[in-house]
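Commentary on secondary and tertiary structure
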Amino acid sequence: MTKSIPRRDRSSNRVAAGLAALLFILPCRSEAQDALQAPRPYPLTLHDCIAIALGENPALEATRYDVFSAAQEVRAAQGMLLPQLTGTANYELFSGSPTSKFSVVNLGNVSPSGVVVAPKTVGWTGIELYAAHLTYPLFKDGSILGLNNAPAIAEKKAKKQALAWTVNLRREDVIYRISDEFIVTVSARNRMGLAERRVKLLGQSVAITQEQQKQGLKLPIDLRLAKEQFSAAQTLAKLLHEEATAGSLALSKSLGLSSPSKLYLSNTLPDPPDPPPTTEQLVGACLSHHPSLQVQRAVIDQAKQDYRLERYRLYPSVYLDGSANYIDDFNPSNNASVYTGAIAISVPIFDFGAQLATTRAKLMKYKAEEARLLSTADDVSYEVLKAYESIYVLSHNILSLQDDVSKAQRDVQVLESQQQQGIAEPLTVIEKELHLIAKQDDLEGIKARQLATYALLQKAAGGAWKWIP
């Protein structure tokens, strides 16, 4: 007796193996994605943040697309002034007999006077019409054979140039925004230590004041004042923490990160430029190379070309028209081919002054844009000078605070030495250290504002002066 052994379905084994492999691969893919989104092994500096933001900023990307769109508009304007070739194909059904000499060909027998003697009557018959038409503007809107830089083309080129300079403006905006967010965030994080130290010292001050009040050495108003200072220090520390959190959130969004937890920043702020550029050099460079002025010059050129375009529309236009027609009549042996060619001249005679008014309006627009160039130059100079003024005031305050910090550090060291000898009171030492912390916090805050103002100066200069490349 033969015992049959069932064969195993290898296809089911392959499916099971595939499912097992898939279950193995899916966690691996998730781990790979986590690895790709893992934080950088080193903290990001300001230069790193700027480099990332320049590739992630949507406004900068949109401006680049605008430039590409303007380039295609230039090509379209050039093509509109070159020969245009179009083709048509028609199929018509005809039944009956023609009644006039203007009907379709093959009328039948026609007398010399053009009267149909024996009209030809047909049933439903198809007629095929094929045609090719060529139009070439020889002179139109200032274009000569489409070979010169006509106003319609020059206007599109000026628009493209303006958008290209706008990219530089957007780039400087991104650099300033990232610089400001980085400086605010890092400065707030660095000052958190001072805020926590202030809270700790004021807590000790409240405890000492309570003990001295019990001994009759302090009044209740002294305790209330100490508690108010302690509460204000806690509020200040919380606000500083929220400022750092908000800065991290804004900076992570600007860098294209999904969460602020993935943002690892360096705790070192960049150094201020040494020495800063002179006003004469900076203003001179701005007035010759500032992107805002270059944009306005391109806008002036665009308005000028618009005016030239409308002015040329007051002149006659000359076209070359040519066509080739092929007609397949009722009888396949009776076809017709027609070729025509003409030079057409279009002369504007009278339109109630509409085109002349349009030309004058474009001229006034051109004059307005020319006048606006001087206004833009004044605005650039004013922004640069205001940034310099702010930097001077902040630098003066930094020098004054550095002197105060040095004196406060000396007083704290003296009192700590006296406290070790049992001479100085604990509250006096705490007050002096709190005074030192307040001066240090003010100094760090003003230094951060000075760096942010240098970033503002670079933006005001339009990149003509580079503090952060």
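Residues numbered from 1 in each chain as written. Predicted model: local features only at pLDDT ≥ 70, side-chain atom pairs only at ≥ 80, totals over all residues. Heavy atoms only, no water.

Observations regarding the overall build of the protein
Note the cut-off: Helix and strand labels come from DSSP, where a helix needs a run of H or I of at least four residues and a strand needs a run of E of at least two; each type is numbered from the N terminus. A 1.4 Å probe rolled over the protein chains alone gives each residue an accessible area, and that area as a share of the maximum for its type sets the label: buried under 20%, exposed over 50%, partly exposed in between. We call two residues contacting when some pair of their heavy atoms lies within 4.5 Å. Where accessible areas are quoted, they stem from the Shrake-Rupley method and a 1.4 Å probe; at the residue level, only the protein chains shown are allowed to cover.
Check the secondary structure of the protein and you find nine helices and seven strands. Looking at the protein residue by residue over its 469 residues, the buried ones come to 33%. Here the contacts in the protein between residues at least 6 apart in sequence split such that 79% fall between residues at least 24 apart. Summing over all exposed atoms, the protein offers an accessible surface of approximately 28600 Å²; the carbon and sulfur share of this is 57%.

Focus on the nonpolar core
Cut-off, in case you're wondering: Nonpolar cores are built from buried Ala, Val, Leu, Ile, Met, Phe, Trp, Tyr and Cys residues. Side-chain atoms within 4.5 Å join them into one set.
In terms of nonpolar packing, the biggest core is built from 37 residues, with Cys49, Leu251, Leu265, Leu457 and Trp467 touching the most fellow members. Of all the secondary-structure elements, those providing two or more residues to this core are helix 2 (46–56), helix 3 (58–80), helix 4 (151–214), helix 6 (279–289), helix 8 (354–420) and helix 9 (426–460). Among the elements that line this core, the one with the most residues is helix 4, at eight residues. With residues near it in sequence (within four places) discarded, leucine 251 still touches Cys49, Ile178, Glu181, Phe182, Leu263 and Leu265.

What about helix 8?
Defined as follows: Expected span of a helix: the number of residues minus one, times 1.5 Å.
Between the first and last C-alpha of helix 8 there are 95 Å, a value that for 67 residues agrees with the 99 Å anticipated at 1.5 Å per step. Phi for glycine 422, located one or two positions after helix 8, is positive at around 80°.

Thoughts on a nonpolar patch on the surface
Rules: Patch definition: residues above 30% relative accessible area lacking any salt bridge, with like charges linked at up to 9 Å and the nonpolar side chains Val, Leu, Ile, Met, Phe, Trp and Tyr linked at up to 5 Å. Put simply, a salt bridge is a Lys or Arg side-chain nitrogen that is within 4 Å of an Asp or Glu carboxyl oxygen.
Among the surface-exposed residues, Leu320, Ile343, Ile345, Val347, Ile349, Phe350 and Phe352 lie close enough to one another that they form a single nonpolar patch of about 860 Å² accessible area. Looking at leucine 320, the relative accessible area reads 32%, which means it is partly exposed.

Some remarks on the side chain of histidine 290
We apply this condition: Pairing of N or O atoms within 3.5 Å defines a polar contact, subject to two protein rules: one partner must be a possible hydrogen donor and the other a possible acceptor, and residues neighboring in sequence count only if both atoms are side-chain atoms.
Of note, histidine 290 is situated in the loop between helix 6 and helix 7 (291–312). Assessed through its relative accessible area of 3%, histidine 290 is described here as buried. Polar side-chain contacts of histidine 290 include one of 3.0 Å to the backbone nitrogen of serine 292. Of note is the side chain of histidine 290, whose polar atom sits 2.8 Å from the backbone oxygen of alanine 460.

Here's the deal with helix 5 (residues 220–254)
With 35 residues, helix 5 extends 51 Å between its outermost C-alpha atoms, agreeing within 8% with the 51 Å of an ideal straight helix rising 1.5 Å per residue. Of all the positions in helix 5, only Leu223, Ala226, Ala233, Ala237, Leu240, Ala244, Gly247, Ser248, Leu251, Ser252 and Ser254 are classed as buried. Looking at the packing, one finds that the buried side of helix 5 touches helix 2 and helix 4.

Thoughts on the confidence of the model for the protein
Defined as follows: The predictor attaches a confidence to each residue, and that confidence, scored 0 to 100, is pLDDT.
Here the protein shows a mean pLDDT of 82. Residues at 70 or above account for 82%. Of all helices and strands in the protein, the one with the weakest mean pLDDT is helix 1 (residues 10–36) (39), whereas helix 7 scores best (93). Across residues 1–39 the pLDDT falls below 50, and counting only partners more than four positions away or on other chains, this stretch makes three contacts in the model. Taken together, the stretch residues 99–105 has pLDDT below 50 and engages in eight contacts with residues farther than four places along the chain or on a different chain.

Brief notes about the packing of helix 7 against helix 8
Test applied: Only the contacting stretch of a helix is used when fitting its axis, a line to C-alpha atoms as for every element, and angles between N-to-C directions run 0 to 180 degrees. In these notes the angle categories are as follows: under 35 degrees is roughly parallel, over 145 is roughly antiparallel, 65 to 115 is roughly perpendicular, and the rest is oblique.
Helix 8 packs onto helix 7 with a crossing angle of 170° between their chain directions and a minimal axis gap of 8 Å. One way to sum up the angle between helix 7 and helix 8 is to call them roughly antiparallel.

As for the packing of helix 3 against helix 4
Rule in force here: Residues are grouped as follows: Ala, Val, Leu, Ile, Met, Phe, Trp, Tyr, Cys and Pro are nonpolar; Asp, Glu, Lys and Arg are charged; every other residue, Gly included, is polar.
For the pair helix 3 and helix 4, the least separation of the axes is 9 Å and the interaxial angle reads 170°. If you check the angle between helix 3 and helix 4, you find them roughly antiparallel. Side by side, helix 3 and helix 4 meet where Leu60, Thr63, Arg64, Asp66, Val67, Ala70, Ala71, Glu73, Val74, Ala77 and Gln78 of the first sit next to Ala152, Ile153, Lys156, Lys157, Lys159, Lys160, Leu163, Ala164, Thr166, Val167, Arg170 and Arg171 of the second. Considering only residue class, the contact of helix 3 with helix 4 consists of eleven nonpolar, three polar and nine charged.

A word on the environment of proline 272
Summarising the element assignment, proline 272 is placed in the loop between helix 5 and helix 6. Look at proline 272 and you get partly exposed, because its relative accessible area is 37%. Each C-alpha atom of the pair proline 272 and alanine 448 lies 10.0 Å from the other, and the pair is 176 residues apart in sequence. Excluding anything up to four places from it in sequence, proline 272 contacts Gln450, Leu451, Tyr454 and Trp467.

Examining the packing of aromatic side chains
Worth spelling out the cut-off: Side-chain rings of Phe, Tyr and Trp (the six-membered ring for Trp) are treated as a pair once their centres are within 6.5 Å; stacked means planes under 30 degrees apart, edge-to-face means over 60, and tilted covers the remaining angles.
On inspection of all chains with the given rule, the structure shows seven aromatic pairs. With a centroid separation of 6.5 Å and 80° between ring planes, the pair formed by phenylalanine 139 and tyrosine 312 is classed as edge-to-face. Residue phenylalanine 139 is found in strand 4 (residues 122–140), and its partner tyrosine 312 is found in helix 7; the two are separated by 173 residues along the sequence. Taking the relative accessible area as the measure of exposure, phenylalanine 139 reaches 25% and is therefore partly exposed. In this structure tyrosine 312 comes out as buried when scored by relative accessible area, which is 19%.

Quick notes on the pattern of salt bridges
Counted under the stated rule, the structure contains 17 salt bridges. Of the charged contacts in the structure, one is a salt bridge between lysine 156 and glutamate 73, with a shortest N-O distance of 3.7 Å. Here the residue lysine 156 occupies a position in helix 4, and glutamate 73 occupies one in helix 3, the gap between them amounting to 83 residues. Lysine 156 gets classed as partly exposed once you look at its relative accessible area, which sits at 24%. A residue is classified by how much of its surface remains accessible, and glutamate 73, at 26% relative accessible area, is partly exposed. Here arginine 191 ties to aspartate 441 by a salt bridge, and the two come within 3.0 Å at their closest N and O atoms. Within this pair, whereas arginine 191 is found in helix 4, its partner aspartate 441 is found in helix 9, the two being separated by 250 residues in sequence. Looking at aspartate 441, the relative accessible area reads 11%, which means it is buried.

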